[in-house]
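# Observations on the three-dimensional arrangement
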Amino acid sequence: MIYLDNAATSFPKPPAVAEAISTFLATGAGNPGRSGHRLALAAQRAVSETRRLLASCFGVADPARVAFALNATEALNQALWGLLRPGDRVVTTSIEHNAVARPLNALADRGVAVARVPCGPDGALDLDDLARALEAGPTRLVAMTHASNVSGTVLPARDAARLAHDHGALFLLDAAQTAGVLPIDVREMGLDLLAFPGHKGLLGPTGTGGLYVAPHVRLAPMRQGGTGTRSEEERQPEHMPEALESGTVNTVGIAGLGAALRYLMERGVVNVAAHEAALTARLLAGLKEIPGLRIHGTADHRRQVASVSITLEGWEPVDMGAVLDSSFGIAVRPGLHCAPAAHRTLGTYPQGTVRLSPGCFTSDEDVDRTLAALRGLAGAGN
Amino acid sequence: MSAERPSERYSRQAMFWAIGPAGQERLRTGSAAVIGCGALGSATVELLARSGVGRITVVDRDFVELSNLQRQVLFDEADAAAGVPKAIAAAQAVKRINSEVAVQPLVADVTPDNVEHIVSEVDVVLDGTDNFETRYLVNDACVKLGVPWIYGGAIGATGMSMTIRPGESPCFRCMFPVSPEPGTMATCDTAGVLASTVVAVAAIQWTEAVKILVGDREHLNPGLVGFDLWSNDHLVTKSSRAPECPCCVQKRFEYLEAQVTSRAASLCGRNAIQVSPGHDLKLDLAAMGRRLASVGPVTSSDFLVRFTVGKHELTIFADGRAIVKGTSDKSVARTLYARYVGT
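Only a predicted model underlies this, so the values are computations on that prediction, with no experimental measurement involved.

### Describing the overall build of chain B
Looking only at helices and strands, one finds 12 helices and 14 strands in chain B. Taking 20 Å as the expected radius of gyration for a compact globule of 343 residues, we find that chain B reaches 20 Å, a close match to that expectation. The C-alpha extent of chain B, read off along each of the three principal axes, is 70 × 50 × 40 Å. For chain B, the residues scored as buried account for 51% of the 343 residues in total. Long-range pairs, those at least 24 residues apart, make up 64% of the contacts in chain B between residues at least 6 apart in sequence.

### Points about the confidence of the model for chain B
Averaged over all residues, the pLDDT of chain B equals 90, while 96% of them reach at least 70. Confidence metrics for the complex model read pTM 0.82 and ipTM 0.78.

### Considerations on helix 4 (residues 98-109) of chain A
Note: α-helices contain 3.6 residues per turn, so residues at a spacing of three or four share the same orientation. All names here are of chain A. In a regular helix each residue adds 1.5 Å, so 12 residues correspond to 16 Å; helix 4 covers 16 Å between its end C-alpha atoms and thus fits that length. Of the residues making up helix 4, those classed as buried are Ala99, Val100, Ala101, Pro103 and Leu107. For helix 4, the elements touching its buried residues are helix 3 (72-83), strand 3 (89-93), strand 5 (141-145), strand 6 (170-174) and helix 11 (340-346). One or two residues past the end of helix 4 sits glycine 111, with phi positive at roughly 100°.

### Considerations on unusual backbone geometry
Residues and elements named next belong to chain A. Put simply, phenylalanine 11 and proline 12 share a cis peptide bond, and its omega is -5°. If you trace the backbone, proline 12 turns up in the loop between strand 1 (2-3) and helix 1 (15-27). Cis peptide bonds are those with omega within 30 degrees of zero, and the linkage from methionine 240 to proline 241 qualifies with 0°. Its identity as a non-glycine residue notwithstanding, alanine 299 has a phi of 55°, on the positive side. Even without glycine at this site, histidine 337 takes up a positive phi of about 55°.

### Looking at the sheet that holds strand 13 (residues 353-356) of chain A
All names here are of chain A. Taken in spatial order, the four strands line up as 9-10-13-12 in an open sheet, and their pairing is antiparallel. Two strands close off the open sheet at either side, each with one partner strand: strand 9 (293-295) and strand 12 (333-335). Averaged over all pairs of adjacent strands, the angle between their axes in this sheet comes to 30°, without regard to strand direction. Across three bridges, strand 12 lies against strand 13 in antiparallel orientation. Note that in strand 13 the partner of glycine 335 across the bridge is threonine 353. Along the sheet, helix 9 (residues 269-288) makes contact with strand 9, strand 10 (308-312) and strand 13, crossing strand 10 at roughly 15°. In the packing of helix 10 (residues 317-328) onto the sheet, contacts are made with strand 10, strand 12 and strand 13, and the angle to strand 12 comes to roughly 160°.

### A word on the interface of chain A and chain B
Counting residues at the interface gives 15 residues for chain A, matched by 17 residues for chain B. Considering every element that reaches the side of chain A that touches chain B, the biggest residue donor is helix 10 of chain A, with six residues. By residue class, the composition of the side of chain A that touches chain B is eight nonpolar, six polar and one charged.

### Here's the deal with the environment of A:Glu96
All names here are of chain A. With respect to the secondary-structure elements, glutamate 96 resides in the loop between strand 3 and helix 4. Between the C-alpha atom of glutamate 96 and that of leucine 141, which follows or precedes it by 45 residues, the distance is 15 Å. Filtering out sequence-adjacent residues up to four positions away, glutamate 96 remains in contact with Ala101, Met144, Thr145, Ala341 and Ala342.

### A short note on the domain arrangement of chain B
Residue and element names in this part refer to chain B. When the domains of chain B are assigned, the result is domain 1 (8-237) and domain 2 (263-340). Domain 1 and domain 2 are separated by 28 Å when their C-alpha centres are compared. With 11 residues of domain 1 in contact, the opposing surface of domain 2 contributes 15 residues. Across the side of domain 1 that touches domain 2, the residue classes break down as one nonpolar, four polar and six charged.

The rules behind each value
Residues numbered from 1 in each chain as written. Chains lettered and ligands numbered in written order. Predicted model: local features only at pLDDT ≥ 70, side-chain atom pairs only at ≥ 80, totals over all residues. Helix = DSSP H or I, 4+ residues; strand = E, 2+ residues; numbered from the N terminus. Rg over C-alpha atoms; globule rule 2.2 N^0.38 Å. Buried ≥ 20, exposed ≤ 12 C-beta atoms within 10 Å, placed from the backbone. Contact = placed C-beta atoms within 7 Å. pLDDT = per-residue confidence, 0-100. Expected span 1.5 Å × (residues − 1). Pairing = 2+ DSSP bridges. Axes fitted to C-alpha atoms, helices over the stretch in contact; angles between N-to-C directions. Nonpolar A, V, L, I, M, F, W, Y, C, P; charged D, E, K, R; others polar. Domains from an automatic or database assignment.

Here it is in structure tokens:
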């Protein structure tokens, strides 16, 4: 099988991930921070180590500022619901995933003003449009994706963060498509909040992710409960990461994520980025040669991550996806990709697109075989 | 009504040597579930109701349509015009036929989640389904819980039936160890069916059910009954339990545990459902296209076969999956898959 659905979750994972999970379950799966016995300490060690690796991956000085979450969606919800109050204003974009769009819609019902900056038909964000939206009123937060999960288009996060700060707003980055794929440094980029999944570009298991919270930002926790520390206090502790980590964390998944991060650092995020950029360039070049095929996005590997949305004349995306899988063994994702607003922006609503997302284990040959399959489908429309 | 003197209503039946007043009373206190209420199911439900089986459960998720009326004897034009669920229409018909019968309609797909509850509440189960997968599921549940069930099938002029007594006779999987591949078998919707075939199978199923309910195990049909009403073939295949049967010998209930069942998934952002077979297979798309040509206009390519039924469009792919457009209801998609691709 050729797996081109890495934007949904990466596959395969480095073999060390399964090994770490198996070893951890067999030898160290106690409850971290709840006791002093051998297993509790082993679990504590695994969790702390992964937290340190994440901090070093994202340029975070104090690992305690990184709280674990189930996935980027949970981290984004914690950031948005934990920060925004009725009367606040938030600026976002028209290319967001439902993980940002839906909580903001719900918050809008509760009195939060939401301004959406329209992106272009290639998914790109014009910073002048963002500046105008910020000038329209005092803003608490700018919340946006680092790269579209549909078109792969990379948004100018660093400049957007600077603009947000210039206007007195905080900046939340959704790194669902970029963590582990593009270099991210919270200090250098000026990120106040960073939500990331563990199971996509970071190559960890599902059920892992996290939220970085800058030292000057305080969030109301979405959950209260046991933290293993300061049990005598009647109220949820305010210090990180316990403030946002009530209940036993996903120690098994976190142990796996740690192994994934060690793999990634050994290989180098920069090298992974270069590998994926080369694959994207090869894919885009081949796609442009196929008659009747449209690329919905930048069509420029320097302006996007390895997530390419296409449509083919005569084919409904859903059927094209099924044929690629059933006749060619190529796994892609057709449809709306949980991002209807992004598809409206790209002009591909409601039929959606077929998304091809190679990953760090995809080869040139995989890309070439995919292109050959698509050439076979072009002209065989139905 | 006492056991000694059944009402006038059942006198001809109670006069029969193997039933008698005591047998009639056993029918009154007995219960049956009919799973699937199409042609076969509606014929057996009617016979069960007329013969005075005290409690009848009717399970079907489908709605009455005009094309059903040629052979689905419980339904009429008003049911089809109103699009009444078959289970409800059957229950209403039963009440008109015999008000002494308690009938419980269940408008639902039979699934691993509900099948055990359905079969555990009755003395005998009658098969009225149109697909192998549901039969394997019913077989798993009945073998697990020790409830007898009676398989029935009809296509064209060919009928089949088999009585399964868990722990005593071969089970359905002893006889049919693996499901025919989707797309390889004719279905009533691709090959047609005679009403007489259905009635003949229903007659066998009802008689077997009554033998079980009155407690006459000795005369139960010992094997797989098969016949062709058109070419006058008739045979009974006797066999013994398969020594390695995963279901009744090894007690691995793979369908109940949903390990081998087909999977239905809704497709993100589309009014469409994808139904996939539970295992790897390679479909002969050309043959599939030829078989479906009798149903209506078919579009075929190297990659897919597509045709339209009413407001639904089915696209069938080389690995046996189908995308059903025009619905977001998984059971509608599964029903159409069973009818036209077949499992």
